[in-house]
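Residue-level structure breakdown
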Amino acid sequence: MTIPSYRTLNSGHKIPSIALGVYQTPPHETAAVVFAALESGYRHIDCAQFYENEEEACRGIAKWIAKDPSRNKREHVFYTTKIFDPDHGYARTNKAIELSLERAKEIGYIDLLLLHSPQSDYERRHGSWMAFQEFVESGKVKSIGVSNYGIKHLKELLEYPDLKTKPAVNQLELHPWLTRNDLTAYTANQGLLVEAYTPLVRARKMDDPTLLKVAEDHNRTPAQILINWSLSKGFIPLPKTATVSRLASNFEAMQFQLSKKQVDTLDALNEGMHICWNPSTYPLDNERQA
């Protein structure tokens, strides 16, 4: 099976199968890293208001387009950003989206807008989604989705009485030591694509013997194996690096295919290990009252 370069969202838009994540990339370095990533072949940049480098990420995209506008087009790049928890609620989310669009003015629109986590309450999550839908209708945002949503949060959203636009994505921490099979299966069964952040486990497992054996079998780096594991599972991995020399190597993880047996072997490493936060367990209103 060949790994596809693009996947199709339930919104009808195409999304590149691998992204550069810019979390913790210093703002003064972000534009250059994004530009270098696009030069290396990436066509998908994952950002967020919380990262405090939206404007710089968009500047890197704009610089790449301006380098050769006859060949490099805005529609060739997929740009994602996210609205953080304090800006949940219809009015606050509206204002926050306008701010993200202002920071993205050099590239014109946002391809994918995510609610960064479910950590508020029903009223505010619902209000945020109503605002998200309106920006899709305006054309300023092409697709919308969520991040760090558990099954119960997805069920709540999908049952909104005024739901017009389904989420296209659920972005989650995923790697062989955190496979989250029930959540990823439910997400996929509802027609959402799964995006995998922290696919490299922040380099904490690069010396794992099982990982090293699979890497040796393919003559690839452990990082490439971890990225390919996500791709082989049907996820969209978001590896991050501020080291320009690693960009091409990470992107080349699409150029081979793990066997089912190797994927299963890596799956068996699962130990429920979260490197990051876990808002997918955040209680719903009735759970907090119980």
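Residues numbered from 1 in each chain as written. Predicted model: local features only at pLDDT ≥ 70, side-chain atom pairs only at ≥ 80, totals over all residues. Heavy atoms only, no water.

1. Concerning the UniProt feature "domain: NADP-dependent oxidoreductase" (unreviewed entry) in the protein
- In the numbering used here, UniProt assigns the feature "domain: NADP-dependent oxidoreductase" (unreviewed entry) to residues 24-271.
- End C-alpha atoms of residues 24-271 are separated by 26 Å, and the span's content is 46% helix alongside 14% strand. (UniProt positions renumbered as here; feature names shortened; annotations may be inferred. Helix = DSSP H or I, 4+ residues; strand = E, 2+ residues; numbered from the N terminus.)

2. Concerning unusual backbone geometry
- The phi dihedral of Asn148 falls on the positive side, at around 65°, and the residue is not glycine.
- Topologically, Asn148 is positioned in the loop between β7 (141-147) and α5 (151-158).
- Overall, Asn148 belongs to the buried group, its relative accessible area being 2%.
- Of note in the backbone geometry, Arg202 takes a positive phi value of approximately 50° without being a glycine.
- Within the secondary structure layout, Arg202 lies in the loop between β9 (193-197) and α7 (209-218). (Buried < 20%, exposed > 50% of the residue type's maximum accessible area, 1.4 Å probe, protein only.)

3. So, the pairing of strand β8 (residues 169-173)
- Here β8 lies mainly inside the structure; five of its five residues are buried.
- Of the two faces of β8, the one holding Val169, Gln171 and Glu173 and the one holding Asn170 and Leu172 are both buried throughout.
- Alignment of β7 against β8, held across two bridges, turns out to be parallel. What sits directly across from Val146, in β8, is Asn170.
- With respect to chirality, the unit in which β7 leads through α5 into the neighbouring parallel β8 is right-handed.
- Where β8 meets β9, five bridges bridge the pair, whose relative direction is parallel. The residue bridging Val169 from the neighbouring strand is Leu193, located in β9.
- Running through helix α6 (residues 181-189), the crossover from β8 to the neighbouring parallel element β9 is right-handed. (Pairing = 2+ DSSP bridges. Right-handed = clockwise from strand over helix to strand, strands pointing away.)

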